[in-house]
Every structure is written in structure tokens, then in C-alpha cells.
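Architecture at a glance
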Amino acid sequence: MDRLRDGPLALLLFLGHVITALEVPLDPKLLEELPQPPTITHQSPKDFIIDPRENIVIHCEAKGKPHPSFSWTRNGTHLDIDKDPKVLMKPRSGTLVLDISGGQRAEEYEGVYQCSAHNELGTAVSNSIILRQSRSPLWSKERISPIIAQKGQSLILRCRPPAGLPPPIIFWMDNNIQRLPQSRRVSQALNGDLFFSNILPEDSRSDYICYARFPHTQTIQQKQPISVRVLDTVMSLMFPFSPTPAISWVKHNSEIPSGRASFLNFSKTLRITDVSEADAGEYRCIANNHHGSVHHTIRVTVNAAPYWISAPRNLVLAPGEMGIITCRAAGRPKPSIRWLMNGLPIENAPRDPSRSVEGDTLIFSEVQTGSSAVYQCNASNEYGYLLSNAFVNVLAEPPRVLTLPNTVYQVIMNKPALLECVTFGSPAPTITWFKDSMLEGNAYVFHENGTLEIHMSHPSNSGKYTCVARNSLSLSENHVYLQVKEPTRILRPPEYRVVQRSRDVVFECKAKHDPSLVPTMTWLKDDGELPDDERFRVDSDSLTITDVTESDAGTYTCIMNTTLDQDSASAQLTVVEALPTPAVIYEQPGAPTDLELTDLVARSVQLTWTPGEEHNSRIKKFLIQYEDALHQSGVWHNLTEVPGTKTTAHLKLSPYVHYSFRVLALNNVGFSRPSMPSRQYRTSPAAPDENPTEVKGHGTEHNNLVITWKPLTPQQANGPGLEYKVMWRQQGIETYWTSVSVANVSKFVVSGTPTFVPYEVMVQALNDYGPGPKPGAVIGYSGEDFPSAAPGDVRVLVLNSTLAEVRWSPVPLESVRGRLQGYKVQLSSHHIFSPNKTSGKLPDLLPYSIYSLRVTAFNGRGEGPTSATQRFETPEGVPSAPSFFKVSTFDLDSLMLEWGPPYERNGRLTGYTFKYQTVNSKNDLGLLEELDLPSNQSSFTLHNLPHSTRYKFYISARTQRGAGPMLTEEAVTVLDRGTERPCEVATYKGGDEDWHKEKVNGSQFHVLKGLKKGLAYKVRVVARESTHVSCSSSSSSSAMVSPQVDIATQGWFIGLMSAIALLILILLIICFIKRNKGGKYPVKEKEDAHGDPEIQPMKEDDITFGEYSDEDHKPLKGSRTPSGGTDKRDGSDDSLVDCGDSGDTEFSEDGSFIGQYSGKSDRDTTHDSSELLSPVNAMNSFV
């Protein structure tokens, strides 16, 4: 028997290599290209219980190339999907959708379903899917009698739930939907019954209800309530289950498996997981209490549905090769193996001489093209079955290398390296590795999957490797690269530090790593992450802790990581109490020392240094400078800056430079002295890395092209012999470049070019070591020439008196001879229009004028010939305002108006429009009167005007087009003062100025213009009749800026006036009381002696003047009310004082002053209180 077992086993081991060699890699691109029999990828479960309320979906998905088609059987018979409109199959899928939403019953579709997926290479089948409807039947109605039990008696409440599909979940609850508590004494059995080991009086209740929950339909049904009454009799009865026994389990002749066994339901249930045949046997349940013990024996027999030991796997063979498919399953009883091919029993399949069946093994030998098929292995016993598909795919494929080409592998020196060469081919290809020559020997390991292993990598192993895959059909190769990197090493680890509390501490951790790898520094405290505290600052090669506390003490570890390796080092921090310190002296830091250059490569170097003393001021940064002894000896240039916590810097260098470096430290006081220079490091010359920038091409003459560029600096030259290769060619015409090499210049002139044509221009840098990178071409144009043609068909359209539109035809493109920049219209001023315009507006023309116009085209060189001259005339427009407008008093009831013609007539004047209207004391305007005056008239007199009336006048000039803007003036007719002539002359002076004289023309106010702000002025007003002076008034005041705030509208002024009025009212009442008593008082005497002119009867001729008040002379809104107070002057600058009033006056807001014609003369003025008799005068003194 042993021999029989060993034989097939040896055969399997022999053939296993063949199977492994032809496994198809899971490469999506490869799988898409290879023909492949169908493979089931997704299917519904074997026992498929459905919800009758939802549509039924039976899954069946498969892949293959070509894509497979699908068919179904139901209960072993072909299912014709087209006959049932309620059955649908998803496109490019085998999934069935059974629509039962229209009222169909789900049980109509119950049965055994099986899916087949087939293409030209074979047929794969799914499991047999048993479709059943879930069921949740109602509880059978029954009458349950109340249960009466004795205390201490055991009791079982039967549940007996209805059989559902799947079986329901059982639990006990009361009427309040609360679960009944369970314990060692009261528990639920596996069948759902409620078991009482010994019943107690408190178990009496009428609502023991068994519930059944059906999972698929999510419905819950309940049994009729069970009523239990426990009798507590006086007679003492003995029951074996009182008190509640303790439960234990044992296994006969063996131990219960501790790792897989668990005790549930208060040890009343033993559960064993992952059951094997060793778990069979006798299990004993023992119940103990003080009355004794009882046991129950359970005999366990282990049976099992089939399970896989080795499921069949797909097999890919080349023509003429051999292979096997095994199907090994176990179970109890042992399952039987049955083979199928493309869904049919293999004994009914077409005979294939290359195939033989030996129990659970299919053997293929010398297979031929066309032997591809899908085989099914069915392993079954009385408890179930297993079904698995495995295809045999006979392919003839040349080798393919699936590893990505030019893959770069990086490894640390002295570490093993693995270079992959994943291949596929049929027959299986053999792999050979090359590096300059074929690799062999003990230094290399060649794995069966094609991987090359190098035990210990050295820099000499770096380079290009080639793997070659060969089979009988062809060969394929792939190139990969190996880079051996230097290991990461910490050169200066952190050191043990003792620091005072509240001070700062710095741990340095300087490491060396391969320059091509990106390092990452990580710090740990006590093997954990650093505290989340802003006092901890991590830099690239240091850790700084500021304001140290006792909690910061511990072990600090720095870890330098790269993508390939890491190194670490640790140091201890001890924190001690701070000691009193002397006064701190701050100085510049000491000069850095010990400059060292490491990692010297062509374009970079690593510079390290030791900081000098900080001198009580922390170093903020280091400045690194360099000297180029080759190009600028003795001149130091700033190269870079690094934070003050770093003492190393990776410096990028340029070729062909003789570098020396030095370092300066900076703190809050200033920079330190420079360090001593480092040793000189000379970088090798190289070809330029870059080309000149700002390359441009343009012309300065009509037949040249000037090519300019920004030259390279000596550092950019990268080597000696710097030159520039200038290349050009006419775009779209010439295919070859014309070039010339020049040196020490930044421009080159190409002569003899056509006028304004595009050129492609390139400038390339080169030196003795080769050219720079290939430059990009820029477009430039040769020089422009003046346009040769003028715009034609010039027309002018006059739109109105100030606007015209000019139109023209564009010049021919070939006549531009450059880049057309626009058109210029030459008029009184130039108007420029964009090149895409053929018309334009000419604004701001003068009406009633004649213009001459010409149009030219212009480019970058200049203007071309002009067009023919076009003349046009603008029509009349409205004139401007009259040049001046003046109103003067002609007589008591007349006003004279004078004006000048407008400066801009804009046509022939047809006359003037004159309007006027009155303005009353409230600044309301009266009825507007209008007069038309001829154009040759420049003055006009209005007669028979009311006295003391303010007028507003308007005048505008007219042409046939209409009236222009108006000028306005205001004037007032004078008072009728009998025989007294109005004042005619005003003289004034400010400071040390001479007296100025202006004619007043008899009005009551006059505006003095041109005064200086803030300067005090003296003013005299003199009235004359012929050559005799009739009156004079003098005043002194300061010039004010108009407008000013009217005092009469101020709150404080109104309050003051109200207080004065109240005081006057009180005085009047006192006077009235004394008058009634007949007493004499000074006011009365004064009144008798000097009658108040304000209350004296007036002559009949003076009625108008007598009725005049301040209201009659209120100016327009914004003017100030003049003051009515008078003061006696000590002297007069004029000899005519006796015939006129003298007093001070104030300027109004418009700068005018008002004469006090109604005031008292000096002879009538007194300084006693007699003025208080007249409240009118009292008020006038404040107005």
C-alpha cells in the first residue's frame, strides 16, 4: 500500500516543475493579449435563499479571450430565456435577473440552476445553485394551559417554533418586550426551550413568551404566552436540582482541546471550532450539588463535507510538452472524484490520445495545438460537493520579458542585490544574465524565476545588466541598472550634556550619506516621539531645546534615514538647577574653525565647520562665502546662508572654478571675523550647461538682421575658450542653417537680407570642452523699409460741428514693407489709429471752420507717402458765453447792463437772449422776463424798476444753431433817499499797502476782490455830488474767506438773543409800571430831549425809506446779515467826517461791506442807557 502511494507522489514531484514553469503571470496587458479559455470569476452561493419581496438576481461572471458567451440550465434542462419575458440576462454577463415585481410568485422559480460560460477554447461551469424562497410561517394556534409547579422542581417551557427557511432565531421576552433574565438556574436550550433547574416562587408570571425572528424577511413572530404559578408548600420536599447544580465537561480517554473549545450558556453548552476527526469520541456532562452528582454521555462522530487539499490549477503548455492537473479533496466519508470536460463527463468527451485519467489526476503528454479545454473536478460525498474549473491552454508564444525596461535598482554597499527578470513564453524560456559578458560563478545566484542575486554588492557591481530570455521560438532581452550606494554613517553623534534649567541645549548629529540619496533626520526621546512642544526645534543635523525643564531630561536618539538604510546614535541629557550668573557681556561670535570639505564630486561639495564661541548671544545664521582664484582672485562672494543650528552645508558648484570657502557667524551683536579659508577645490572644466538668454532678432536697416543676446558670465562659461555659435535661416524658405562663431561680443549683424522677412535665430554657447545644450529657436524679422503706398479713397463725413469721421482704404500688404503699426491722420493735430482700422472719429473740431486732412500709413521705420489732401468745413455751432457781463446802477429806478461778444462765436451771431427776474428777501425767484437783442448791441438799460429790489440777470449769445451758455449777474436798485446822493467811491488799504479806489455805483454793497487772507483792511466809502463830497463812511476789518457760517443760525447766538429779549421785556415792564405811577426817570428825560429817529414820523416823500428794514436787504442764501451797531471814531483820515457817518462794519460772506446809512450821527450818539427805551434799536445793535 505504501508503494502505491509513493509512486504517484514521485510522479507528481517530477511533473511539478513543468507546471510551475508555465504559470501565467498576472500581468493585465499579457492576459489581454493571450487567448484564454473561460474562467468563472463570480457566482451565487450553492444554497441561495431569496427574499420573495425582491427581484431575484443569480450571479454568473466569467472572463476569457475571446469573451465567453453564457447559457443556463434549470433542474438539468436548458433554460430558454427568450420564452419568459420576466427573465433577463445582463449584457456581456451571465447574471440572470428574474422580475417578480408584477405579482409573480417566487416559488415558481425555485429549482437547481447552473451557468455555463464558453468560447472557442472550452466551457466552464458554475456550481449547482439551489434557489429557494425564504419562509416565515405563522405559529400554529394552540391552547396552552397554565403550568403549576412546586418550588424547587425543574421545569421546561417548550417553544416549538415553526420551521422556517432559514431556521429562526429564538429568544424569550415578556409582555413589555423585555428579555427574560437568564442565569445558571434559568437558561435557554439550543432548541429554544426555556429550562429551569429549580423553579422559585418569584418565577411565577403569566407572560413567558417565545419569539422567533426570521432573518431574511426580518419578521418576528410570537407564541401564545405561557402562565407559570409556583407553589410554596409548607411540606419540605427534596428535589435533586435544588440548589442549582454546577456543570462540568470531560472527554473519555482524552482532553478537551483548550484552544478550540469554549463553554457557553453558563457552561451548559460546549462548543468546539475547527473540528477534526480527532475530536470524535465520548463527551460527558456532569452536574453537581450537595445532594450528589449526575452525568450524561454524548457520543460525537465527525463527518465532513468535501474540502480541498489541492484544488486543480490552470495549466499552460507548449505543443509537445507534458503536464498534469491534480484534484485532491478530503471529507468523511472520503469524497469520490469525478472529472468533466467542458461541462460533460470526461468519458463522454471526445477522445484525446494525449490525455489520461488516473483517479484524482489528469496526465497530459505531447499535447498538440487544439487540445485546449476546460476541465471540471467534482468531489462529493453525502454531505456536499466541491466543483472547480481548470483549463489546459496549449500555446506557442515567443519569450516576453515583463520586467519594466531600464529599471534602476539601488542597494547599499555590502548588502545583497536582487535584479528581477520576469518572463513568459511557451515553451518556458531559459534566462541568461550579462554584464559586459555572461555572468557565472559563485558570486551570483540564478533563481528559477529569472531573478539574479548578488551576495555582497560592491561599487564595481554598479552598471548595466541585460537579461536574455530564450525558447525554441525566439529570444527577448531587457536592460536594468544597478547602483551601489555608500552606507549612511553618523560621523559626529550627539554627546552627553548637562544643562542648567531654563537654558538652551543643542544636540548635534552630523551624518554622512550617499550624495544621491535624500536624507531625513528623526529624533526620539526615550525611544518615543519628541514632545509636541514648540521648545523642541529639529533642524537637518541638530536638535535644539530652548528653556529646558526637568521633564526634558532623558535619552535622545537621532536617526538618519535614507530610502535604502539608516544609522542612529543616542546621548543623555541631565538637567540641573540654575546657578547665579554674573552680569552677561554680549559680543560678536568667534570665528568658525576647522573647515573641512567632504563628498567631493564634480558639481557639489559638503562643507563642515566648528562654530566659535557664541559670547552669550545665540548664533542666528552662518554666511558661506567663496573666492574664485581663477577668475577673480581676492574677491569674496556670498554663496549661501544656513541656520545657526547647522554646521554643515551641501554646496552646489560650477565647473572650471578654483573654489576656496570661508564662513562667518552672525548673532544679535553682529558678524564674526571670517574663518580661515578652506583648502582650495578646483572643479574640472566642462561644456557649458546653458546658452545665452534674451536672444532677439531685429533689423536696423531695410536689408539687415541684428542678432543680440545676453552673454554668459565667466562662471557660466564652465571652461576656457568661450564662443557663441550664431545660427539663422529664413523661416519657411531655407532648410539649412547658416552659422558663424564669434567671441567676446553680444551681437552679430547679418547683411543683405530681404526686407522684413521672418528668420529663425539660435545662439549656442561652446568652449574648448564642447557645445552647450541645443538651443531653442526664436523668431526675428529683418529690417523694415518705409511704406511705399498711401491709403486710398480718403473720405470725410462731417457728423456735427465738432465731430467728423474719416474713412480710407487700407494700403496693400506688400507695400507696408514691415509691420504695419497704424494709420496717422494729419490735421491740426495728429490722430493715430490701429492697423486694423479703416475709419476713425475726429473729435474736438472747431465749429464753422475749414480743415485740410491727409492720411499716411506707418510702420516701425516711419511714415509712408501721404494721401491726397481732403478739405472739409464744419457747420455752425452754438457760441460760447459772452466774454463779460456787467450790471451797474444807472439811476434810482434803472440798471445798465453791458456785455462783450463771445470769444468763440462758432458761426454768425444772430443776437443775444436776455432774461431777468426779481429775488425777494427769502431768495425766492420771481417771474422770468425775456428779451431778444440784436447781435451788434453790447449794452442795455432797464428803466422804471422798483426801488430797493434785487434782480438776477441772464444773458447768452445765439447763432442759427441755437443759444450758447449763459452768464448771470445780480444787482439791487438803490434806496430813494431824497436829495442824498448814493456813495460812489470806495477806498481801502491793507497793512502798509497804498490806498486803492473802486467805483461803487451807488449800490448798498460792493464786493472787494483780490484781498489777502487774514490781512486787516481799512475801508472808506465817500459819496460825492459833482465835485462836492456829500458823505463818507470808514471801517476796519480783516479779510475773510467766503463762504462763512452765518452767525444768525448758530445755537449759541440764538440763545443769547433770547436771553437779551427776555431782559428787555423785563425792563419794559418796569418802565411801564413807573410810567403809570407818574414818576420821572432818566429814560423819560432823554426821550423828551431827543426823540428816537426810529419812531419819529417820516415825511411823506420818505415813506419808502422809512419802511426799509434789514429784511429788505437780506442777501441771497449764504450771505451774512450786516451789523447795525455804530461806534464813534477818535479821528478820520478824511476831512469830510462831519457830513457822513463813521463806524465799523463787517465783511459779509461774499467779502462785501454795508454802509450804515440809517445810523445816528456823532452829535446824536450817547453812551448812557437811553437806547434801551427802543427795543428795536436794542435788537439792531446785535444783528
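Residues numbered from 1 in each chain as written. Predicted model: local features only at pLDDT ≥ 70, side-chain atom pairs only at ≥ 80, totals over all residues. Heavy atoms only, no water.

For clarity, the cut-off: UniProt positions are given in the numbering used here, feature names are shortened, and annotations may be inferred rather than shown by experiment.
If you look the protein chain up in an unreviewed UniProt entry, it shows as Neural cell adhesion molecule L1 from Cyprinus carpio carpio. Per UniProt, the protein chain carries the Subunit (unreviewed entry) text "Interacts with SHTN1; the interaction occurs in axonal growth cones. Interacts with isoform 2 of BSG." Quoted verbatim from the Sequence similarities (unreviewed entry) field of UniProt, the annotation for the protein chain is "Belongs to the immunoglobulin superfamily. L1/neurofascin/NgCAM family."

1. Some remarks on the sheet that holds strand β56 (residues 604-610)
In plain terms, the rule: Two strands are said to pair when DSSP picks up at least two bridges between them. Strands are runs of DSSP state E lasting at least 2 residues, helices are runs of H or I lasting at least 4, and numbering of each runs from the N terminus. As a rule, the C-alpha atoms of each element are fitted with a line to give its axis, helices using only the stretch in contact, and angles between N-to-C directions run from 0 to 180 degrees.
In space, the 3 strands of this open sheet follow the order β55-β56-β59, with antiparallel pairing throughout. Of all the strands in the sheet, the pair left with one neighbour each is β55 (593-598) and β59 (648-652). Neighbour to neighbour, the strand axes of the sheet diverge by 25° on average, direction disregarded.

2. Focus: the environment of arginine 1020
Note that arginine 1020 resides in strand β88 (residues 1016-1025). C-alpha of arginine 1020 to C-alpha of lysine 997: the two residues are 23 residues apart in sequence and 9.3 Å apart in space.

3. Here's the deal with the state of the cysteines
Filter applied, for reference: We call a pair of cysteine sulfur atoms a disulfide whenever their separation is within 2.5 Å. Three exposure classes are used, based on accessible area relative to the maximum for each residue type with a 1.4 Å probe and protein chains only: buried under 20%, partly exposed in between, and exposed over 50%.
Under the definition given, this model contains 5 disulfides. Between cysteine 60 and cysteine 115 runs a disulfide, and the two sulfur atoms are separated by 2.0 Å. Note on the cysteine 60 and cysteine 115 pair: the S-S dihedral is about -70°, so by sign convention the disulfide is left-handed. Here cysteine 115 lies in strand β9 (residues 111-119) and cysteine 60 lies in strand β4 (residues 60-65), a separation of 55 residues in the sequence. Accessibility classification places cysteine 60 together with cysteine 115 in one group, the buried group. If one numbers only the bonded cysteines of the protein chain, in the order they occur, the disulfide pattern is 1-2, 3-4, 5-6, 7-8, 9-10.

4. Focus on the side chain of asparagine 127
The criterion, for reference: Two residues form a contact once any of their heavy atoms are found within 4.5 Å.
Among the structural elements, asparagine 127 can be located in the loop between β10 (122-125) and β11 (129-133). For asparagine 127, a relative accessible area of 10% corresponds to the buried category. Those residues within four positions of asparagine 127 in sequence are excluded, and the remaining contacts are Gln43, Lys46, Tyr113, Gln114, Tyr385 and Leu387.

5. Focus on the sheet that holds strand β3 (residues 56-58)
Pairing is antiparallel in the open sheet, where 3 strands are placed in the order β3-β8-β7. Two strands in the sheet have a free side with no partner beyond their single neighbour: β3 and β7 (87-89). The sheet shows a mean angle of 20° between the axes of neighbouring strands, direction not considered. In this structure, β7 lies alongside strand β8 (residues 96-98), joined through 3 bridges in antiparallel fashion.

6. Focus on the nonpolar core
Counted only if it meets this: Grouping buried Ala, Val, Leu, Ile, Met, Phe, Trp, Tyr and Cys residues that are joined through side-chain atoms within 4.5 Å yields what is termed a nonpolar core.
Grouped together as the largest cluster of nonpolar side chains are 25 residues, with contacts concentrated most on Ile56, Ile58, Trp72, Leu98, Tyr109, Tyr113 and Leu131. At the level of secondary structure, the elements contributing two or more residues to this core comprise β2 (47-50), β3, β4, β5 (69-74), β8, β9 and β11. Here the element with the most residues in this core is β9; it accounts for 3 residues. Leave out the neighbours within four places in its chain, and leucine 131 touches Phe48, Ile50, Ile56, Ile58, Leu98, Tyr109, Glu110, Gly111 and Tyr113.

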